[in-house]
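Spelled out from the first residue to the last, the chains are:
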Amino acid sequence: MSIYDSLNQEQREAVHHTEGPLLILAGAGSGKTRVLTHRIAYLMEEQGVNPWNILAITFTNKAAGEMRDRVDHIVGMGSESIWVSTFHSACVRILRRYIDRIGYDNNFTIYDMDDQKTLIKDVCKALHIDTKIYKERSIMHAISSAKNEMLSPERYEKSIGGDYSKQKIADAYWEYEKQLKANHALDFDDLLLKTVQLLETQPDVLDYYQDRFRYIMVDEYQDTNTVQFQFVRLLADKYKNLCVVGDDDQSIYKFRGANIKNILNFEAHFADSKVIKLEQNYRSSAHILKGANAVIRHNVGRKEKSLWTENPEGEKINVQSFDTGYDEAEFVAEDIENQVRNGHSYNDFAILYRTNAQSRLFEERFVAESIPYKIVGGINFYARKEIKDILAYLKTVDSGQDDLAVRRIINVPKRGIGLATIGKVQDSAIEREIGFYEALGGTDLIPGIGRSAKKLDSFVALIAYFKEQSKDLSISDLTKEIIEKTGYLDEVNKEEQEVAEARIENIDELLSKIATYEEACMDADEPPTLRGLLEEVALVADIDGLDENQDYVVLMTLHSAKGLEFPQVYLVGMEDGLFPSFMTVTGDDPEEMEEERRLCYVGMTRARERLVLTCATRRMVRGEIQHHRQSRFVGEIPEELKESGKGSRTMQKFNKVAETNPRSRARRVFHTPAYGGGQKVPQQFVVKSGQSLDYQVGDRVSHGKLGEGLVMEIIQGGRDYEVTVDFDGVGVKKMFSSFAKLVKIVL
DNA sequence: CCTACTACGCTTTTT
DNA sequence: GCGTAGTAGG
């Protein structure tokens, strides 16, 4: 009995077909991950392929990690030398080695969307582009699309004809590229684009990677865009051992440049390719699967296929209708609580919605009922202000080449360096064709700088001090040093208590992430470096932080849910105008409606045993009440597969309204999910061994700067204690015990 | 140069 | 409803 016997005939065929191009059309829940992992195992065990000759591309780091684990599990050893990674991290690895060949610095930084937006803003200012007319967002989007289609500024400009507004965008694109290069920075799209340029222009590099990756596998192929397609095509061109897996019914990233033709035309792109369809679904109950099939059948532009299952019929799809979004959230919370009382665990449940904004009502309800939950997405952890600030310090200490980072922190915390001064430094830097940070090194050369020179000098001295420290300290300690010495923590503590607590919680989490990174490096026998950390941080996706082993309800957008499965799924906000979105309902693009429908299909097929669809007739959207009717997608499910709520609930509203107003704002900041930290598991007090404090709540302590005070509270944070002290005449402060250096006063 | 206030615009979805 | 950009006053 071999491990391959557990596969069905089509799956086995896909595993055994190792030479030449292969397209696996894998319906939802048809076991494609199983096929991919077994295929890798087969290549290594039966075909004797070296693990380092295999490249597997997934969409998220989480998927990559899981795939590696599963391969590890099957073959035992050797899986660590397979490249299993996302498009982006694979490209970074290649670029770190060779990008100097095309005129960039191998030590480049990666700009996230926030940085991009700041840069675009600068560009618009420099070019006198009115951002009221040309929105940063749309310029960014236009540039991103151009890059996805592999249009350089030159080619973009040629393509636009005499269009005046597009000319503006072309101008911005030129300048944007210039600035990126000056900052030694690449944006997300560049990671792909520059890699393709590199492979296209450097035959020896291309040859090296073609030989290295003799067997290439790509997951979620329906969501690849043009530049990703080129990347794959180039690498596979020599040996043609390319296996792609996808499902055109699950293509949901058109807005991001995904080109569905990549999958529809696979056979045309790659000669002598083989196509295998996986149509048996192992995940969902028959009722759920039939319902999903019925919905997706309304799409015209798709490859006809019919998913079937041997699974039992199961419960009918539960459809519930409510008056308001509050009622909807209350129902879901209660429904979950009821089932947990009956033996289900919290991580059996997922709540899926169309827009991130919808998470709030559920979050409030869950907090009120102490249901542990985790929100995936929303504002990315690494996009939070305090995190970006600290990372900007680390970037500056590391290289000082990233002007954006330097400018971000030059006056954070406040040092009396204002916009006017920054402008003068900037002008002088441009004048002399040097970097911003470099210009700070010679303040006497900056005209009209006046009294600000001293402040700038002391900033430079501060950074220099950290640079010196970074030689001896671990990254964790360096970071703590930065938080303390810059006065950042004091600044945070000056904010409103609840805001400050949330920020400290986030900073604490960053510190533990850094520590985790350092430990991982130690395990791998590599020295932890600032650069390595910053890179890892730049490429994480929200979903990467999800951990199935933790017991919490997860909340996320339908987009984030792709590739996941749950015993029970609540698809909430099933309303025309919300899902399908307002834009789609009012617009007249049938293709957009089809993409929404695919999204619905993806959502429904996440459920294994039970699927609940809910809607509200009234809900607050952007501060005003909107009325919606039930989503057309619900109507597309045959009646015999549905059962409606046993008495749809009309609840008294008065007690709920009160809860939404007064503290909701502060509460939101406080409870806002920290990626990775959003779970509100009832606090556990686990004290780590080897670490203890010589004071406790109620003791009098003394602090170097703040004098004496009374310890109010001690909370075990990630790797440290968070101590609240009421200082005499100064007030209540929160701080980390490890660098607050509090001393107990013995009376 | 900093802070506090007002007005506006925004929400689809994200590696 | 919320965050941010822009403005006025200190």
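Criteria and thresholds
For every chain, the first residue of the written sequence is number 1, and numbering continues from 1 onward in sequence order. As they are written, the chains are lettered A onward and the ligands numbered 1 onward, keeping that order. The predicted origin of the model limits local features to residues at a pLDDT of at least 70 and limits the giving and counting of side-chain atom pairs to 80 or more, whereas totals for whole chains, interfaces and linings rest on all residues. The side-chain numbers reported here are obtained from all heavy atoms of the structure, hydrogens and water having been left aside. In this description a helix means any DSSP run of H or I spanning at least four residues, a strand means any run of E spanning at least two, and both kinds are numbered starting from the N terminus. Only protein chains enter the area calculation, which uses a 1.4 Å probe; residues under 20% of their type maximum are buried, those over 50% are exposed, and those in between are partly exposed. The contact criterion used throughout is that any non-hydrogen atoms of two residues lie within 4.5 Å. The protein chains shown are the only cover counted for residues, whose accessible areas, like all others here, come from Shrake-Rupley with a 1.4 Å probe. By the counting rule applied here, Lys and Arg register as positive and Asp and Glu as negative, while His and the ends of each chain are not counted. A charge is said to be at NZ when it belongs to Lys, at CZ for Arg, at CG for Asp and at CD for Glu. For this purpose, a residue is taken to be near a molecule or strand whenever a single non-hydrogen atom of the residue falls within 4 Å of it. Contacts described as polar in this section are N or O atom pairs within 3.5 Å, which, within protein, must combine one atom able to donate a hydrogen with one able to accept it, while residues neighboring in sequence count only if both atoms come from side chains. Among the buried residues, those of types Ala, Val, Leu, Ile, Met, Phe, Trp, Tyr and Cys that are joined through side-chain atoms within 4.5 Å form a nonpolar core. The span expected for a helix works out to 1.5 Å for each residue beyond the first. In this analysis an axis means a line fitted to C-alpha atoms, helices contributing only their contacting stretch, and an angle means the value between N-to-C directions, from 0 to 180 degrees. Throughout this description, any angle smaller than 35 degrees is read as roughly parallel, any larger than 145 degrees as roughly antiparallel, any in the 65 to 115 degree range as roughly perpendicular, and the remainder as oblique. Take the far helix as the reference: if the near one is turned anticlockwise from it by less than a right angle, the crossing is left-handed, and if turned clockwise, right-handed. Residues were grouped as follows: Ala, Val, Leu, Ile, Met, Phe, Trp, Tyr, Cys and Pro as nonpolar; Asp, Glu, Lys and Arg as charged; and all remaining residues, including Gly, as polar. By convention in these notes, a salt bridge is any Lys or Arg side-chain nitrogen within 4 Å of a carboxyl oxygen on Asp or Glu. For patches, a residue must show more than 30% relative accessible area and have no salt bridge; joins then use 9 Å for like charges and 5 Å for nonpolar side chains, namely Val, Leu, Ile, Met, Phe, Trp and Tyr. By this definition, two strands are paired if DSSP reports at least two bridges between them. Here a Phe, Tyr or Trp ring, Trp counted by its six-membered ring, pairs with any other such ring whose centre lies within 6.5 Å, and the pair is stacked when the planes are under 30 degrees apart, edge-to-face when over 60, and tilted otherwise.

S.K.: What should I look at first to understand the overall build of chain A in this one?
M.R.: If you tally the helices and strands in chain A, you get 32 helices and 23 strands. Taken along the three principal axes of its C-alpha coordinates, chain A extends 75 × 70 × 60 Å. Across the 747 residues of chain A, 55% fall into the buried class. If you take every contact in chain A between residues at least 6 apart in sequence, the share linking residues at least 24 apart comes to 74%. Here chain A displays about 33,400 Å² of accessible surface, and carbon together with sulfur accounts for 50% of that area. Seen as two clouds, the 97 positive and the 119 negative side-chain charges of chain A have centres 3 Å apart.

S.K.: How do you make sense of the protein's contact with DNA strand B when you look at a structure like this?
M.R.: Residues in close proximity to DNA strand B total 25 residues, the closest being Phe59, His88, Lys135, Arg354 and Thr421. Within 4 Å of the protein, the contacting atoms of DNA strand B are 66% sugar and phosphate, with bases supplying the remainder. Here a phosphate oxygen of DNA strand B sits 2.5 Å away from a polar atom, N or O, in the side chain of Thr421.

S.K.: I tried to follow the nonpolar core on my own but got confused; where do I start?
M.R.: A general trend in soluble globular proteins is that nonpolar side chains are found buried together. If you look at the biggest cluster of nonpolar residues, it comprises 50 residues, and the most contacted ones within it are Leu394, Ile410, Val425 and Leu440. Counting residues per element, this core draws most heavily on helix α24 (residues 497–523), which supplies 8 residues. Residues in contact with Val425, not counting those within four places in the same chain, are Phe436, Ala439, Leu440, Ile446, Ile449 and Leu456. Leu25, Leu192, Val218 and Phe270 belong to the second largest nonpolar core, which has 46 residues in total.

S.K.: Help me understand helix α8 (residues 164–182) in this model?
M.R.: Owing to its 3.6 residues per turn, the α-helix brings residues three or four apart onto one side. Given a rise of 1.5 Å per residue, 19 residues ought to cover 27 Å, and the 27 Å separating the end C-alpha atoms of α8 matches this to within 8%. All of the buried residues along α8 are Ile169, Ala170, Ala172, Tyr173, Glu175, Tyr176, Glu177 and Leu180. Looking one or two residues beyond α8, the residue adopting positive phi is His184, at roughly 55°.

S.K.: Teacher, can you tell me more about the packing of helix α17 (residues 385–398) against helix α25 (residues 530–538) here?
M.R.: Direction vectors running N to C along α17 and α25 enclose 140°, while the axes themselves pass 10 Å from each other. By the angle class used here, α17 and α25 are oblique. For the pair α17 and α25, the sense of crossing is left-handed. Note on element contacts: α25 touches α17 through Leu530, Arg531, Leu533, Leu534 and Val537, opposite Leu391, Leu394, Lys395, Val397 and Asp398. Within the contact of α17 with α25, the residues separate by chemical class into 7 nonpolar, no polar and 3 charged.

S.K.: How should the pattern of salt bridges be read in this particular structure?
M.R.: Oppositely charged side chains can pair when the atoms bearing their charge come close. The final tally for this structure, using the stated rule, is 48 salt bridges. Residue Arg354 pairs with Glu596 through a salt bridge whose shortest N-O separation is 2.4 Å. With a gap of 242 residues between them, Arg354 in the loop between β12 (349–353) and α16 (359–368) and Glu596 in helix α28 (residues 590–604) connect regions that are remote in the sequence. Neither residue differs from the other here; Arg354 and Glu596 are each classed as buried. In this structure, a network of salt bridges that share partners links the residues Lys32, Asp219, Glu220, Asp223 and Lys562.

S.K.: Looking at this structure, how should I read a positive patch on the surface?
M.R.: Taken together, the side chains of Lys117, Lys121, Lys125 and Arg137 define a basic patch exposed on the protein surface. Per-element accounting of the positive patch gives the leading share, 3 residues, to helix α5 (residues 113–126). By relative accessible area, Lys125 is classed as exposed at 66%.

S.K.: Explain the sheet that holds strand β1 (residues 22–26) here, please?
M.R.: Consider a sheet: its strands pair through backbone hydrogen bonds, and that pairing is either parallel or antiparallel. Judged by pairing direction, the sheet is parallel, and its 6 strands sit side by side in the order β3-β2-β6-β7-β1-β8 without closing on themselves. The two strands at the open ends of the sheet, each matched to only one other strand, are β3 (83–86) and β8 (274–278). On average, each strand axis in the sheet is tilted by 15° relative to the strand beside it, whichever way the strands run. Running at roughly 145° to β8, helix α1 (residues 9–16) makes contact with β1 and β8 of the sheet. Running over the sheet, helix α3 (residues 61–75) touches β2 (54–58) and β3 and is turned about 160° from β3.

S.K.: When you look at the pairing of strand β7 (residues 242–246) in this model, what are you seeing that I'm missing?
M.R.: The side chains of a regular strand alternate, residue by residue, between the two faces of the sheet. Taken across its 5 residues, β7 has 5 buried, putting it largely inside the fold. Direction of pairing for β1 relative to β7: parallel, over a ladder of 4 bridges. Within β7, the position partnered with Leu23 by the bridge is Val244. By the bridge criterion, 3 bridges tie strand β6 (residues 215–218) to β7 in an arrangement that is parallel. Across the sheet, the residue bridging to Met217 is Cys243, located in β7.

S.K.: Would you mind going over the packing of aromatic side chains with me for this structure?
M.R.: For the coordinates displayed, the defined rule picks out 16 aromatic pairs. Between Tyr98 and Tyr209, the ring centres sit 6.0 Å apart and the planes meet at 90°, which makes this aromatic pair edge-to-face. One end of the pair, Tyr98, is in helix α4 (residues 87–98); the other, Tyr209, is in helix α10 (residues 203–212), with 111 residues separating them in the sequence. In this structure Tyr98 comes out as buried when scored by relative accessible area, which is 14%. For Tyr209, a relative accessible area of 2% puts it in the buried group. With a centroid separation of 5.6 Å and an interplanar angle of 55°, the aromatic rings of Tyr465 and Phe466 are classed as tilted. Since its relative accessible area comes to 0%, Phe466 is described here as buried.

S.K.: Help me understand the side chain of Asp402 in this model?
M.R.: Relative to the helices and strands, Asp402 is located in the loop between α17 and α18 (403–409). At 2.6 Å, the side chain of Asp402 forms a polar contact with the side chain of Tyr111. Excluding its chain neighbours within four sequence positions, the residues that come into contact with Asp402 are Thr109, Tyr111, Asn183 and Lys395.

S.K.: Explanation requested: the environment of Arg415 in the structure shown.
M.R.: With respect to the secondary-structure elements, Arg415 resides in the loop between α18 and α19 (419–432). For Arg415, a relative accessible area of 18% translates into the label buried. Sequence spacing of Arg415 and Phe459 is 44 residues, and the spatial spacing of their C-alpha atoms is 8.4 Å. With near-sequence residues (within four places) excluded, Arg415 lies in contact with Tyr393, Ile409, Ile410, Lys455, Phe459, Leu462 and Thr486. Within the local environment of Arg415, its side chain forms a polar contact with the backbone oxygen of Ile410, the two atoms lying 2.9 Å apart.

S.K.: I would appreciate a short explanation of unusual backbone geometry in the present structure.
M.R.: What is expected of a backbone is that most residues other than glycine have negative phi and most peptide bonds are trans. Cis peptide bonds are those with omega within 30 degrees of zero, and the linkage from Phe579 to Pro580 qualifies with 5°. For Pro580, the position within the fold is in the loop between β15 (566–571) and α27 (582–586). Unlike most non-glycine residues, Lys240 shows phi in positive territory, near 60°. Checked against the element boundaries, Lys240 lands in the loop between α11 (226–236) and β7. Using a relative accessible area of 42% as the deciding quantity, one classes Lys240 as partly exposed. Positioned with a positive phi, Asp525 is a non-glycine residue whose angle comes to about 60°. In this fold, Asp525 is placed in the loop between α24 and α25.

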